[in-house]
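Chain by chain, the residues:
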Amino acid sequence: MAPLRKHFTRDLDSLGAVFDLLALFATQEELDTSSQHDLALALDELFTNMVKYQPANRNDIEIELRAEQETVTVKLVDRDVDKFDLTAKQDPYLGRSVKKRAPGGLGIYLTKRVVDDVQYHYGDRTSTITLIKKFRRRHV
Amino acid sequence: MFDIRINEHNDVILSGRFDAAQVEKAKAVFDQIKETTSVDFAELDYISSAGLGILMATQKRLKDTGQKLILKKVSGHIRDVFRIARFDLIFDLE
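What counts and how
- Residues numbered from 1 in each chain as written.
- Chains lettered and ligands numbered in written order.
- Predicted model: local features only at pLDDT ≥ 70, side-chain atom pairs only at ≥ 80, totals over all residues.
- Heavy atoms only, no water.
- Helix = DSSP H or I, 4+ residues; strand = E, 2+ residues; numbered from the N terminus.
- Rg over C-alpha atoms; globule rule 2.2 N^0.38 Å.
- Buried < 20%, exposed > 50% of the residue type's maximum accessible area, 1.4 Å probe, protein only.
- Contact = heavy atoms within 4.5 Å.
- Areas by Shrake-Rupley, 256 points an atom, 1.4 Å probe, with all protein chains shown as cover.
- Buried area = accessible area lost by both parts, 1.4 Å probe.
- Salt bridge = Lys/Arg side-chain N within 4 Å of Asp/Glu carboxyl O.
- Polar contact = N/O pair within 3.5 Å; in protein donor to acceptor, adjacent residues only side chain to side chain.
- Nonpolar A, V, L, I, M, F, W, Y, C, P; charged D, E, K, R; others polar.
- Pairing = 2+ DSSP bridges.
- Axes fitted to C-alpha atoms, helices over the stretch in contact; angles between N-to-C directions.
- Core = buried A, V, L, I, M, F, W, Y, C linked by side-chain atoms within 4.5 Å.

J.: I'd like a rundown of the overall build of chain A, residues and numbers included.
T.: Counting its regular elements, chain A contains three helices and five strands. Listing every helix and strand of chain A by position from the N terminus yields β-α-α-β-β-α-β-β. Taking 140 residues into account, the globule formula puts the C-alpha radius of gyration at 14 Å, and chain A, at 15 Å, falls close to it. Seen along its three principal axes, the alpha-carbon backbone of chain A occupies a region of about 45 × 40 × 25 Å. The 140 residues of chain A split such that 49% are buried. In chain A, the share of contacts with a sequence separation of at least 24, taken over all contacts with a separation of at least 6, comes to 66%. A total of about 7400 Å² of accessible surface is found on chain A, and carbon and sulfur atoms cover 47% of it.

Written out as structure tokens, the structure is:
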């Protein structure tokens, strides 16, 4: 089927609409529940970061969802932003000491763990994050 | 729709989707906790790192006074997220 593409207002209140788009896509492509959950988490974490770290930017954030035979490709496009390569970000401390733990970096870490590949491209002041996730169709 | 309430046993009951848009609502409740408290996840459908951050900050604060959060009825995808974040190392999971 054709990819789903939509622009979202840069606001945390848009998260509900982001989840709605993913739910529509999951129904259309018969995505298994586990993959849908994983993609919801990854989309949430990346969208939230884009809102939090570029609050003055008035541009919408574009999300595209595309399914092929066994993979889903998700693209998040953020225009007129500084470069931030999340793939180069160091993993956070996840040891036993609660004092040493910090919330920073946990969202990117979770994203990397729930999808199969994360790619980052920056050009013309535009960040494009691409997520690749292998999935099973529910009816198979 | 996210909701947070405290029941008659002083347990925190979470329900719905706990994402970054719900942080202020959740923080207002967790900031009031001063003693060891159970948090019930049975009705929670989803949690992101924003929700994990609130739990972690509360656990840090409580541990300073010898208290803690106990996370109960965690299942499904939320348990998977806790496993990835290694919450088993810093919380009692029941």
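J.: Break down helix H3 (residues 106-114) of chain A for me, citing the residues and quoting the values.
T.: Counting buried positions along H3 of chain A yields seven of nine residues, so the element is predominantly enclosed. On its buried side, H3 of chain A packs onto helix H2 (33-53) and strand E5 (126-134) of chain A together with helix H2 (49-63) and helix H3 (76-84) of chain B.

J.: So what's going on with the interface of chain B and chain A? Which residues, and what values?
T.: Counting residues at the interface gives 23 residues for chain B and 26 residues for chain A. Approximately 2100 Å² of surface area, both sides summed, lies buried where chain B meets chain A, with 66% of it carried by carbon and sulfur atoms. Where chain B meets chain A, there are one salt bridge. One salt bridge connects Asp64 of chain B with Lys99 of chain A, and the closest N-O pair in it is separated by 2.5 Å. Our enumeration of links across chain B and chain A arrives at six residue pairs in polar contact (both at pLDDT 80 or more). Elements with a contribution of two residues or more to the side of chain B that touches chain A: strand E3 (37-47), H2 and H3 of chain B. In terms of residue count, the dominant contributor to the side of chain B that touches chain A is H2 of chain B (seven residues). Residues of the side of chain B that touches chain A, tallied by class, amount to twelve nonpolar, five polar and six charged.

J.: Account for the pattern of salt bridges, with residues named and values stated.
T.: The tally for this structure, following the rule as stated, stands at 15 salt bridges over all chains. Close ionic contact of Arg137 of chain A with Glu29 of chain A constitutes a salt bridge, the shortest N to O distance being 3.2 Å. With a gap of 108 residues between them, Arg137 of chain A in the segment after E5 and Glu29 of chain A in helix H1 (residues 15-29) connect regions that are remote in the sequence. Among the ionic pairs, Lys68 of chain B bridges to Asp92 of chain B, the shortest N-O distance being 2.6 Å. With Lys68 of chain B in the loop between H2 and strand E4 (69-72) and Asp92 of chain B in strand E5 (residues 92-93), this pair connects stretches of sequence that are 24 residues apart.

J.: Would you mind going over the sheet that holds strand E3 (residues 71-79) of chain A in detail, with residue names and values included?
T.: Residue and element names in this part refer to chain A. The sheet built from five strands is open, its strands ordered E1-E2-E3-E5-E4 with antiparallel pairing. Looking at strand neighbours, the two that pair on one side only are strand E1 (4-8) and strand E4 (117-123), the edges of this open sheet. Direction aside, the axes of adjacent strands within the sheet are offset by 15° on average. Two strands pair when backbone bridges link them, and E4 and E5 are joined in this way by seven bridges, in the antiparallel orientation. For Asp117, the partnering residue across the bridge sits in E5 and is Ile132.

J.: With reference to specific residues and values, describe the nonpolar core.
T.: Nonpolar side chains in soluble globular proteins generally cluster together in the buried interior. Ile63 of chain A together with Leu14, Phe30, Phe41, Ile47, Phe82 and Phe87 of chain B are the most contacted members of the largest nonpolar core, which has 73 residues in total. With nine residues, the single largest contributor to this core is H2 of chain A. Leaving out residues up to four positions away in the same chain, Ile63 of chain A has contacts with Leu4, Arg5, Lys6, Phe8, Val18, Leu21, Leu43, Phe47, Val74, Lys75 and Leu76 of chain A.

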